[in-house]
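For reference, the chains in residue letters:
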Amino acid sequence: MKFSFTCLFSLFFLLSNAQNIAAFSDYQKRFFVFDNGKVRQLEYQPVLSYQTGDKCIGYITNSNNLKVYYNHIDYDLAAMVSSYTVTNNLVAYQINSQLFVFEDGNKMLLTQFAGNYLVGDSMVAFFDTRARYFQVYYQGQITTLEDGILFDNAQFFKVGNNMLGYIDAYQNVKVFHQGNITELFKSNAVINANVGRN
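Presented here is a report on the structure given in the accompanying data block.

Criteria and thresholds
- Residues numbered from 1 in each chain as written.
- Predicted model: local features only at pLDDT ≥ 70, side-chain atom pairs only at ≥ 80, totals over all residues.
- Heavy atoms only, no water.
- Helix = DSSP H or I, 4+ residues; strand = E, 2+ residues; numbered from the N terminus.
- Contact = heavy atoms within 4.5 Å.
- Areas by Shrake-Rupley, 256 points an atom, 1.4 Å probe, with all protein chains shown as cover.
- Phe/Tyr/Trp six-rings, centres within 6.5 Å; stacked < 30°, edge-to-face > 60°.
- Lys NZ or Arg CZ within 6 Å of the ring centre and 35° of its normal.
- Pairing = 2+ DSSP bridges.
- Axes fitted to C-alpha atoms, helices over the stretch in contact; angles between N-to-C directions.
- Buried < 20%, exposed > 50% of the residue type's maximum accessible area, 1.4 Å probe, protein only.
- Polar contact = N/O pair within 3.5 Å; in protein donor to acceptor, adjacent residues only side chain to side chain.
- Salt bridge = Lys/Arg side-chain N within 4 Å of Asp/Glu carboxyl O.

Glancing now at the overall build of the protein chain. Regarding its fold elements, the protein chain presents one helix and 19 strands. Here the contacts in the protein chain between residues at least 6 apart in sequence split such that 36% fall between residues at least 24 apart. Counting every atom, the protein chain has about 11,200 Å² of accessible surface; 50% of that belongs to carbon and sulfur.

Structure below.
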């Protein structure tokens, strides 16, 4: 009994980093959530993978469905997901070329033709390869940053938690922060930069 409790306690703290929510599997590989002091079993079979954020837990079930546990509700989002990322505030996931976001209990299609994309704590920056747009999802809105993009290259943008830096077609270095675009400078040289947290 003491050994089981120690294992459970260790799993709980090793497998999660969120504030009021945690995920763990027991010795039978059943999947549980610890949510504000209460334990709830989500899956009876082993999950294939999971990621934990501050507000939610995203996981792939044994039958290859993406589910998200958010606000005491288990949402079944999609089957056959190509990839998914859980941040503190949202879940971004891709099914073939379609890119979706789940935030605050709402699912939204970002594009049916996703190229490269990067996910931050509160945003998703992506190329729409059909319309040739470079766009960002932030606070429930999709903003077109650039249009007529001739290339789909992730080297030309970086995403931090709540900030996006990118180089436009005219070699202008720009930042998207809190819904605003700011041009920093123009450069013909290759720039090595990182984006901070806020």
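Next comes the rest of the account.
Applying the stated criterion to the full structure yields eight aromatic pairs. An aromatic cluster of at least three residues, connected via ring pairs, comprises Phe31, Tyr50 and Tyr59. Its guanidinium or amino end placed over the ring of Phe100, Lys107 lies 5.4 Å from that ring's centre, counting from NZ or CZ.

Pairing is antiparallel in the open sheet, where four strands are placed in the order β4-β5-β6-β7. Every interior strand has two partners, whereas the edge strands, β4 (49-52) and β7 (73-79), have only one. When the angles between neighbouring strand axes are averaged without regard to direction, this sheet yields 15°.

It is worth spelling out the pairing of strand β18 (residues 172-177) at this point. Burial analysis of β18 places five of its six residues in the buried class, which makes it a mostly covered element. Between the antiparallel neighbours strand β17 (residues 163-167) and β18 lie four residues, among them Gln171 with a positive phi of about 70°. As defined by bridge partners, β18 adjoins strand β19 (residues 180-186) across six bridges and the pair is classed as antiparallel. Along β19, the bridge assignment pairs Val173 with Phe185. From the end of β18 to the start of β19, which pair antiparallel, there are two residues, and Gln178 there has a positive phi angle of about 55°.

In this structure, strand β6 (residues 65-70) lies alongside β7, joined through six bridges in antiparallel fashion. Counted as the bridge partner of Tyr70 is Ile73 from β7. Here β6 hands over to β7 after two residues, with Asn71 in that stretch at a positive phi of 55°.

This paragraph deals with the environment of Asp26. For Asp26, the position within the fold is in the loop between β1 (21-25) and β2 (31-35). For the pair Asp26 and Pro46, spaced 20 residues apart in sequence, the C-alpha separation works out to 9.5 Å. Engagement of the side chain of Asp26 in a polar contact is seen with the backbone nitrogen of Gln28, the distance being 3.0 Å.

Quick look at the pattern of salt bridges now. For side chains bearing opposite charge, pairing can occur when the charged atoms are close. Inspection of the entire model under this criterion finds five salt bridges. Linking Asp74 and Lys67 is a salt bridge whose minimum nitrogen-to-oxygen distance equals 4.0 Å. Salt bridges here are not isolated pairs; linked through shared partners, they connect Glu43, Lys67 and Asp74.

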